[in-house]
Amino acid sequence: MVVGAHGVIGAELVRHLRERADFDVVGLSRRGGQDEPGLRHLAVDLLDAAATTRALARVPEVTHVFHAAFQDRPTWAELVEPNLTMLRNVVTAVDAAATGLQHVGLMQGYKVYGAHLGPFQTPAREDDPGHLPPEFNVAQQDVLQELQRDRSWTWSALRPSVVCGTALGNPMNLVLVLAVYAALCKELGVPFRFPGRPGAYDTLLEVTDAGLLARATVWAATDPAGANQAFNVANGDLFRWNRMWPVLAELFEVPVAAPLAMSLVEVMADEEPVWERIKARHGLADVPFSAVSSWGFGDGVFSWDYDFLADGSKARRAGFHDHVETEEMFKVLVRRLREDRIIP
(Lines give C-alpha, C1' and ligand atoms only; values in the text may rest on other atoms or scores of the structure.)
Protein backbone atom coordinates (compact mmCIF):
# COMPACT_ATOMS: atom_id res chain seq x y z
CA MET A 1 0.00 0.00 0.00
CA VAL A 2 1.41 3.34 -1.10
CA VAL A 3 0.10 6.20 1.03
CA GLY A 4 0.23 9.41 -0.98
CA ALA A 5 0.06 7.59 -4.30
CA HIS A 6 -0.02 10.71 -6.51
CA GLY A 7 2.94 12.61 -5.05
CA VAL A 8 6.39 12.96 -6.56
CA ILE A 9 7.59 10.04 -4.38
CA GLY A 10 4.42 7.94 -4.28
CA ALA A 11 3.70 8.01 -8.01
CA GLU A 12 7.13 6.65 -8.87
CA LEU A 13 6.90 4.07 -6.11
CA VAL A 14 3.59 2.84 -7.55
CA ARG A 15 5.20 2.66 -10.98
CA HIS A 16 8.14 0.63 -9.65
CA LEU A 17 6.02 -1.78 -7.63
CA ARG A 18 3.78 -2.47 -10.62
CA GLU A 19 6.84 -3.47 -12.65
CA ARG A 20 7.60 -6.21 -10.15
CA ALA A 21 5.88 -9.60 -10.25
CA ASP A 22 5.72 -9.96 -6.47
CA PHE A 23 3.47 -6.99 -5.59
CA ASP A 24 -0.08 -5.89 -6.22
CA VAL A 25 -0.55 -2.26 -5.26
CA VAL A 26 -3.15 -0.34 -3.29
CA GLY A 27 -2.84 3.42 -3.77
CA LEU A 28 -4.15 5.55 -0.92
CA SER A 29 -4.88 9.25 -1.47
CA ARG A 30 -7.48 11.95 -0.96
CA ARG A 31 -8.68 11.95 -4.56
CA GLY A 32 -8.42 8.26 -5.41
CA GLY A 33 -7.88 7.22 -9.00
CA GLN A 34 -8.72 4.85 -11.82
CA ASP A 35 -8.12 1.19 -11.00
CA GLU A 36 -5.84 -0.70 -13.38
CA PRO A 37 -4.49 -4.25 -13.51
CA GLY A 38 -2.36 -4.68 -10.40
CA LEU A 39 -3.41 -1.31 -8.97
CA ARG A 40 -6.40 -0.50 -6.80
CA HIS A 41 -7.08 3.04 -5.56
CA LEU A 42 -8.75 4.03 -2.30
CA ALA A 43 -9.86 7.60 -1.63
CA VAL A 44 -9.82 8.59 2.03
CA ASP A 45 -9.20 11.62 4.22
CA LEU A 46 -6.30 10.38 6.32
CA LEU A 47 -6.92 13.08 8.91
CA ASP A 48 -10.20 11.30 9.72
CA ALA A 49 -9.31 8.35 11.95
CA ALA A 50 -12.69 6.63 11.61
CA ALA A 51 -12.72 6.96 7.81
CA THR A 52 -9.16 5.64 7.60
CA THR A 53 -10.06 2.65 9.76
CA ARG A 54 -13.08 1.83 7.57
CA ALA A 55 -11.07 2.16 4.36
CA LEU A 56 -8.16 0.00 5.49
CA ALA A 57 -10.46 -2.68 6.87
CA ARG A 58 -11.21 -3.38 3.19
CA VAL A 59 -7.59 -4.36 2.46
CA PRO A 60 -6.58 -6.90 5.14
CA GLU A 61 -4.18 -8.48 2.66
CA VAL A 62 -1.69 -5.60 2.94
CA THR A 63 1.84 -6.78 3.77
CA HIS A 64 3.89 -3.61 3.20
CA VAL A 65 2.98 0.03 3.81
CA PHE A 66 4.98 2.85 2.21
CA HIS A 67 4.02 6.17 3.77
CA ALA A 68 4.74 9.08 1.42
CA ALA A 69 1.74 11.28 2.22
CA PHE A 70 2.31 14.97 2.94
CA GLN A 71 0.09 17.92 3.73
CA ASP A 72 1.58 21.39 3.44
CA ARG A 73 1.06 24.16 5.96
CA PRO A 74 2.33 27.77 6.21
CA THR A 75 4.82 27.21 9.06
CA TRP A 76 7.15 24.46 10.26
CA ALA A 77 5.18 24.14 13.50
CA GLU A 78 1.86 23.75 11.68
CA LEU A 79 3.27 20.89 9.58
CA VAL A 80 3.57 18.61 12.60
CA GLU A 81 -0.05 17.94 13.57
CA PRO A 82 -1.57 16.94 10.20
CA ASN A 83 1.41 14.89 9.04
CA LEU A 84 1.75 13.13 12.37
CA THR A 85 -2.00 12.44 12.46
CA MET A 86 -2.03 10.91 8.97
CA LEU A 87 0.79 8.52 9.83
CA ARG A 88 -0.72 7.50 13.15
CA ASN A 89 -4.16 6.92 11.61
CA VAL A 90 -2.76 4.80 8.77
CA VAL A 91 -0.45 2.65 10.86
CA THR A 92 -3.02 2.13 13.61
CA ALA A 93 -5.68 1.09 11.10
CA VAL A 94 -3.51 -1.20 9.01
CA ASP A 95 -1.97 -2.79 12.10
CA ALA A 96 -5.45 -3.72 13.27
CA ALA A 97 -6.71 -4.97 9.89
CA ALA A 98 -3.72 -6.61 8.20
CA THR A 99 -2.74 -9.78 10.03
CA GLY A 100 0.12 -10.38 7.59
CA LEU A 101 1.70 -6.94 7.91
CA GLN A 102 5.48 -7.22 7.49
CA HIS A 103 6.88 -3.70 7.14
CA VAL A 104 6.09 0.01 7.30
CA GLY A 105 8.38 2.33 5.34
CA LEU A 106 8.46 6.05 6.14
CA MET A 107 9.62 8.83 3.83
CA GLN A 108 11.60 11.57 5.54
CA GLY A 109 14.26 13.97 4.28
CA TYR A 110 17.16 16.15 5.31
CA LYS A 111 14.86 18.22 7.52
CA VAL A 112 15.74 15.59 10.14
CA TYR A 113 19.18 17.22 10.18
CA GLY A 114 17.85 20.79 10.24
CA ALA A 115 18.73 21.37 6.59
CA HIS A 116 15.66 23.59 6.14
CA LEU A 117 16.78 25.91 8.94
CA GLY A 118 20.23 26.85 7.68
CA PRO A 119 23.77 25.52 7.37
CA PHE A 120 23.94 22.04 8.93
CA GLN A 121 26.69 19.51 9.56
CA THR A 122 27.64 17.84 6.29
CA PRO A 123 27.82 15.21 5.12
CA ALA A 124 24.86 14.47 7.40
CA ARG A 125 24.79 11.00 8.93
CA GLU A 126 21.83 9.01 10.16
CA ASP A 127 23.09 9.09 13.76
CA ASP A 128 23.72 12.85 13.88
CA PRO A 129 22.25 14.58 16.96
CA GLY A 130 18.82 16.15 16.61
CA HIS A 131 17.74 19.77 16.82
CA LEU A 132 15.07 21.77 18.55
CA PRO A 133 11.51 20.88 17.51
CA PRO A 134 9.08 21.26 15.87
CA GLU A 135 9.95 19.00 12.94
CA PHE A 136 7.41 16.53 11.64
CA ASN A 137 9.89 14.05 10.12
CA VAL A 138 11.49 13.46 13.51
CA ALA A 139 8.11 13.27 15.26
CA GLN A 140 6.84 10.74 12.69
CA GLN A 141 9.77 8.40 13.28
CA ASP A 142 9.21 8.61 17.05
CA VAL A 143 5.54 7.69 16.59
CA LEU A 144 6.32 4.88 14.14
CA GLN A 145 8.82 3.32 16.52
CA GLU A 146 6.31 3.61 19.34
CA LEU A 147 3.56 1.92 17.32
CA GLN A 148 5.95 -0.85 16.24
CA ARG A 149 6.94 -1.78 19.80
CA ASP A 150 6.08 -5.43 20.57
CA ARG A 151 4.89 -5.99 16.97
CA SER A 152 6.29 -8.55 14.54
CA TRP A 153 6.49 -6.08 11.62
CA THR A 154 9.54 -3.90 11.02
CA TRP A 155 9.99 -0.27 9.96
CA SER A 156 12.43 1.76 7.88
CA ALA A 157 12.94 5.48 7.29
CA LEU A 158 14.28 6.72 3.95
CA ARG A 159 15.93 10.14 3.90
CA PRO A 160 16.26 11.51 0.37
CA SER A 161 17.51 14.90 -0.71
CA VAL A 162 15.30 16.91 -3.10
CA VAL A 163 13.29 14.23 -4.91
CA CYS A 164 13.10 14.63 -8.68
CA GLY A 165 10.22 13.06 -10.59
CA THR A 166 7.38 13.91 -12.95
CA ALA A 167 4.26 13.85 -10.75
CA LEU A 168 1.88 16.77 -11.20
CA GLY A 169 -0.08 18.85 -8.72
CA ASN A 170 2.17 18.61 -5.69
CA PRO A 171 4.10 21.32 -3.84
CA MET A 172 7.58 19.82 -4.23
CA ASN A 173 8.61 19.16 -7.82
CA LEU A 174 11.94 20.74 -8.74
CA VAL A 175 12.05 19.34 -12.29
CA LEU A 176 8.77 21.03 -13.20
CA VAL A 177 9.95 24.28 -11.61
CA LEU A 178 13.00 24.24 -13.87
CA ALA A 179 11.13 23.13 -16.98
CA VAL A 180 8.26 25.62 -16.74
CA TYR A 181 10.58 28.47 -15.78
CA ALA A 182 12.75 27.71 -18.83
CA ALA A 183 9.71 27.49 -21.12
CA LEU A 184 8.47 30.88 -19.93
CA CYS A 185 11.92 32.41 -20.45
CA LYS A 186 12.02 31.06 -23.99
CA GLU A 187 8.52 32.31 -24.79
CA LEU A 188 9.28 35.78 -23.45
CA GLY A 189 12.67 36.02 -25.16
CA VAL A 190 14.72 36.39 -22.00
CA PRO A 191 17.68 34.31 -20.82
CA PHE A 192 17.44 31.49 -18.33
CA ARG A 193 18.99 32.95 -15.18
CA PHE A 194 19.63 31.22 -11.89
CA PRO A 195 17.17 33.03 -9.59
CA GLY A 196 18.57 32.06 -6.20
CA ARG A 197 20.55 33.82 -3.52
CA PRO A 198 24.08 34.98 -4.24
CA GLY A 199 26.27 32.13 -3.07
CA ALA A 200 23.69 29.41 -3.75
CA TYR A 201 24.97 29.17 -7.33
CA ASP A 202 28.32 27.91 -6.07
CA THR A 203 27.49 25.54 -3.20
CA LEU A 204 27.57 21.76 -3.35
CA LEU A 205 24.33 19.82 -3.34
CA GLU A 206 22.78 16.52 -4.35
CA VAL A 207 19.33 15.36 -5.40
CA THR A 208 17.48 12.05 -5.39
CA ASP A 209 15.89 10.49 -8.44
CA ALA A 210 12.37 9.27 -7.60
CA GLY A 211 13.02 5.95 -9.31
CA LEU A 212 16.19 5.40 -7.30
CA LEU A 213 14.29 6.22 -4.11
CA ALA A 214 11.57 3.72 -5.03
CA ARG A 215 14.14 0.97 -5.48
CA ALA A 216 15.82 1.85 -2.18
CA THR A 217 12.46 1.89 -0.42
CA VAL A 218 11.55 -1.62 -1.57
CA TRP A 219 15.04 -2.86 -0.74
CA ALA A 220 14.80 -1.53 2.83
CA ALA A 221 11.35 -3.12 3.18
CA THR A 222 12.34 -6.57 1.93
CA ASP A 223 15.99 -7.06 2.93
CA PRO A 224 16.62 -7.96 6.59
CA ALA A 225 19.53 -5.50 6.56
CA GLY A 226 17.04 -2.65 6.17
CA ALA A 227 14.87 -3.53 9.15
CA ASN A 228 14.37 -0.89 11.83
CA GLN A 229 16.90 1.47 10.27
CA ALA A 230 17.08 4.94 8.74
CA PHE A 231 19.00 5.46 5.49
CA ASN A 232 20.12 8.51 3.52
CA VAL A 233 19.37 8.03 -0.19
CA ALA A 234 20.73 10.30 -2.93
CA ASN A 235 21.93 9.85 -6.49
CA GLY A 236 25.56 9.35 -5.49
CA ASP A 237 27.09 12.34 -7.22
CA LEU A 238 27.37 16.02 -6.26
CA PHE A 239 26.99 19.16 -8.33
CA ARG A 240 26.97 22.94 -8.19
CA TRP A 241 24.34 24.98 -9.98
CA ASN A 242 27.14 26.97 -11.65
CA ARG A 243 27.95 23.81 -13.62
CA MET A 244 24.47 22.31 -13.92
CA TRP A 245 22.64 25.49 -14.99
CA PRO A 246 24.29 25.68 -18.47
CA VAL A 247 23.55 21.96 -18.94
CA LEU A 248 19.88 22.60 -18.17
CA ALA A 249 19.78 25.63 -20.47
CA GLU A 250 21.05 23.48 -23.34
CA LEU A 251 18.52 20.79 -22.49
CA PHE A 252 15.67 23.32 -22.57
CA GLU A 253 17.11 25.06 -25.66
CA VAL A 254 17.17 28.50 -24.06
CA PRO A 255 20.09 30.95 -23.68
CA VAL A 256 21.67 31.33 -20.28
CA ALA A 257 22.91 34.50 -18.58
CA ALA A 258 24.37 35.52 -15.25
CA PRO A 259 22.39 34.76 -12.07
CA LEU A 260 19.82 37.30 -10.93
CA ALA A 261 18.37 36.92 -7.44
CA MET A 262 14.56 37.06 -7.52
CA SER A 263 11.55 35.39 -5.95
CA LEU A 264 9.88 33.01 -8.37
CA VAL A 265 6.66 33.30 -6.35
CA GLU A 266 6.61 37.02 -7.09
CA VAL A 267 7.80 37.08 -10.71
CA MET A 268 5.54 34.19 -11.74
CA ALA A 269 2.41 35.67 -10.16
CA ASP A 270 1.12 37.04 -13.50
CA GLU A 271 2.60 34.51 -15.95
CA GLU A 272 -0.37 32.13 -16.21
CA PRO A 273 -1.60 33.73 -19.50
CA VAL A 274 1.85 33.17 -21.00
CA TRP A 275 1.72 29.52 -19.95
CA GLU A 276 -1.72 29.15 -21.53
CA ARG A 277 -0.29 30.59 -24.75
CA ILE A 278 2.57 28.06 -24.66
CA LYS A 279 0.11 25.21 -24.10
CA ALA A 280 -2.04 26.27 -27.04
CA ARG A 281 0.88 26.75 -29.44
CA HIS A 282 2.50 23.41 -28.63
CA GLY A 283 -0.64 21.35 -28.10
CA LEU A 284 0.24 20.48 -24.53
CA ALA A 285 -1.95 18.56 -22.12
CA ASP A 286 -4.61 20.67 -20.44
CA VAL A 287 -2.83 20.88 -17.09
CA PRO A 288 -3.48 24.09 -15.14
CA PHE A 289 -0.64 26.43 -14.25
CA SER A 290 -1.14 25.66 -10.56
CA ALA A 291 -0.43 21.98 -11.18
CA VAL A 292 2.91 22.53 -12.95
CA SER A 293 4.31 25.28 -10.73
CA SER A 294 5.89 24.83 -7.31
CA TRP A 295 7.42 28.27 -7.15
CA GLY A 296 7.67 28.47 -3.37
CA PHE A 297 9.54 25.18 -3.33
CA GLY A 298 11.87 26.43 -6.05
CA ASP A 299 12.59 29.58 -4.06
CA GLY A 300 13.47 27.38 -1.09
CA VAL A 301 15.85 25.13 -3.03
CA PHE A 302 17.56 28.03 -4.78
CA SER A 303 18.11 29.83 -1.48
CA TRP A 304 20.52 27.24 -0.08
CA ASP A 305 23.79 29.15 0.05
CA TYR A 306 25.31 26.32 2.10
CA ASP A 307 26.30 22.77 1.21
CA PHE A 308 23.32 20.40 1.08
CA LEU A 309 24.43 16.79 1.22
CA ALA A 310 24.43 13.64 3.32
CA ASP A 311 26.54 10.52 3.72
CA GLY A 312 24.91 7.66 1.80
CA SER A 313 27.43 4.99 2.76
CA LYS A 314 25.25 3.31 5.40
CA ALA A 315 22.87 2.00 2.73
CA ARG A 316 25.81 0.81 0.64
CA ARG A 317 27.33 -1.03 3.59
CA ALA A 318 23.94 -2.69 4.17
CA GLY A 319 23.73 -3.87 0.56
CA PHE A 320 22.00 -1.19 -1.54
CA HIS A 321 24.46 -0.09 -4.24
CA ASP A 322 22.23 1.56 -6.87
CA HIS A 323 23.08 5.07 -8.08
CA VAL A 324 22.02 7.57 -10.75
CA GLU A 325 23.98 10.18 -12.70
CA THR A 326 22.23 13.48 -12.03
CA GLU A 327 22.76 15.06 -15.47
CA GLU A 328 21.33 11.96 -17.12
CA MET A 329 18.44 11.95 -14.62
CA PHE A 330 17.43 15.47 -15.67
CA LYS A 331 17.53 14.43 -19.33
CA VAL A 332 15.36 11.36 -18.72
CA LEU A 333 12.78 13.25 -16.66
CA VAL A 334 12.53 16.12 -19.13
CA ARG A 335 12.12 13.64 -21.98
CA ARG A 336 9.31 11.96 -20.04
CA LEU A 337 7.56 15.30 -19.45
CA ARG A 338 7.81 16.07 -23.16
CA GLU A 339 6.48 12.66 -24.13
CA ASP A 340 3.52 13.24 -21.81
CA ARG A 341 2.95 16.65 -23.43
CA ILE A 342 3.36 18.48 -20.12
CA ILE A 343 6.13 20.79 -21.39
CA PRO A 344 7.13 21.84 -24.92
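In this text the structure is predicted, and so the values were computed from the model without any measurement. (Residues numbered from 1 in each chain as written. Predicted model: local features only at pLDDT ≥ 70, side-chain atom pairs only at ≥ 80, totals over all residues. Heavy atoms only, no water.)

Draft legend 1. Molecular detail of the nonpolar core. In this structure, Leu-178, Phe-192, Trp-241, Trp-245, Leu-248, Trp-275 and Phe-302 are the most contacted members of the largest nonpolar core, which totals 77 residues. Tallying contributions element by element places helix 5 (residues 174-188) first for this core, with twelve residues. The residues contacting Phe-192, other than those within four sequence positions of it, are Leu-178, Tyr-181, Ala-182, Cys-185, Trp-245, Leu-248, Ala-249, Phe-252, Val-254, Pro-255, Val-256 and Ala-257. (Core = buried A, V, L, I, M, F, W, Y, C linked by side-chain atoms within 4.5 Å. Buried < 20%, exposed > 50% of the residue type's maximum accessible area, 1.4 Å probe, protein only. Helix = DSSP H or I, 4+ residues; strand = E, 2+ residues; numbered from the N terminus. Contact = heavy atoms within 4.5 Å.)

Draft legend 2. Representation of the packing of aromatic side chains. Tallied over the entire structure, the rule returns 21 aromatic pairs. Ring centres of Phe-194 and Tyr-201 lie 5.0 Å apart, and the angle between their planes is 40 degrees; this geometry places the pair in the tilted category. Both residues of the pair, Phe-194 and Tyr-201, belong to the buried class. Both rings, one in Phe-194 and one in Phe-302, keep their centres 5.4 Å apart while their planes meet at 70 degrees; by these two values the pair is edge-to-face. Taken together, the residues span a long stretch of sequence, with Phe-194 in the loop between helix 5 and strand 8 (207-209) and Phe-302 in the loop between helix 11 (295-301) and helix 12 (313-318) at a distance of 108 residues. The residues Phe-194 and Phe-302 share a single accessibility class, namely buried. Through a chain of ring-to-ring contacts, the aromatic side chains of Tyr-181, Phe-192, Phe-194, Tyr-201, Phe-239, Trp-241, Trp-245, Phe-252 and Phe-302 assemble into a single cluster. (Phe/Tyr/Trp six-rings, centres within 6.5 Å; stacked < 30°, edge-to-face > 60°.)

Draft legend 3. Broad picture of the packing of helix 5 against helix 13 (residues 326-339). Direction vectors running N to C along helix 5 and helix 13 enclose 70 degrees, while the axes themselves pass 11 Å from each other. Accordingly, the angle class assigned to the pair helix 5 and helix 13 is roughly perpendicular. In the crossing of helix 5 with helix 13, the sense of the turn from one axis to the other is right-handed. Facing Val-175, Leu-176 and Leu-178 of helix 5, the residues of helix 13 in contact are Phe-330, Leu-333 and Leu-337. Split into classes, the residues belonging to the contact of helix 5 with helix 13 amount to six nonpolar, no polar and no charged. (Axes fitted to C-alpha atoms, helices over the stretch in contact; angles between N-to-C directions. Parallel < 35°, antiparallel > 145°, perpendicular 65-115°, else oblique. Left-handed = near helix turned anticlockwise from the far one by under 90°. Nonpolar A, V, L, I, M, F, W, Y, C, P; charged D, E, K, R; others polar.)

Draft legend 4. Quick look at the sheet that holds strand 9 (residues 229-233). A sheet is described by the order of its strands in space; here seven strands give the open sequence 3-2-1-4-5-6-9, paired in parallel fashion. On the outer flanks of this sheet lie strand 3 (39-43) and strand 9, each paired with one strand and no other. Relative to strand 6 (residues 154-160), helix 6 (residues 210-222) is tilted by about 160 degrees, and along the sheet it contacts strand 4 (64-67), strand 5 (103-107), strand 6 and strand 9. (Pairing = 2+ DSSP bridges.)

Draft legend 5. Main features of helix 1 (residues 10-19). Within helix 1, burial applies to Gly-10, Glu-12, Leu-13, Val-14, His-16 and Leu-17. Looking at the packing, one finds that the buried side of helix 1 touches strand 1 (2-3), strand 2 (25-29), strand 3, strand 4, helix 6 and helix 13.

Draft legend 6. The arrangement of the pattern of salt bridges in detail. Taken as a whole and assessed by the stated rule, the structure comprises 13 salt bridges. Ionic pairing is found between Glu-276 and Lys-279, a salt bridge with its closest N-O pair at 3.3 Å. Placement of both Glu-276 and Lys-279 in helix 9 (residues 272-282) is noted, with a separation of three residues, approximately one turn of the helix. Judged by its relative accessible area of 32%, Glu-276 falls in the partly exposed class. Put simply, Glu-12, Arg-15 and Arg-336 are held in one network by salt bridges that share partners. (Salt bridge = Lys/Arg side-chain N within 4 Å of Asp/Glu carboxyl O.)

Draft legend 7. Main features of the environment of Thr-208. By the element assignment, Thr-208 lies in strand 8. Residues Thr-208 and Pro-288 lie 80 residues apart in sequence; the distance between their C-alpha atoms is 26 Å. The contacts of Thr-208, once residues within four sequence positions are left out, are Pro-160, Ser-161, Val-162, Val-163, Cys-164, Leu-213, Val-233, Ala-234 and Asn-235. Of the polar contacts made by the side chain of Thr-208, one reaches the backbone oxygen of Val-233; its length is 2.7 Å. (Polar contact = N/O pair within 3.5 Å; in protein donor to acceptor, adjacent residues only side chain to side chain.)

Draft legend 8. Examining the pairing of strand 6 more closely. Burial within strand 6 is extensive, with six of its seven residues counted as buried. In terms of strand pairing, strand 5 meets strand 6 through five bridges, oriented parallel. Considered in strand 6, the bridge of Val-104 is made with Trp-155. Where strand 6 and strand 9 come together, five bridges link them in parallel fashion. Following the sheet pairing, Leu-158 is matched in strand 9 by Phe-231.

Draft legend 9. Local environment of the environment of Trp-219. Note on placement: Trp-219 falls in helix 6. Along the primary structure Trp-219 and Ala-315 are separated by 96 residues, whereas in three dimensions their C-alpha atoms are 9.8 Å apart. Not counting chain neighbours up to four residues away, the residues in contact with Trp-219 comprise Phe-231, Ala-315, Ala-318, Gly-319 and Phe-320.

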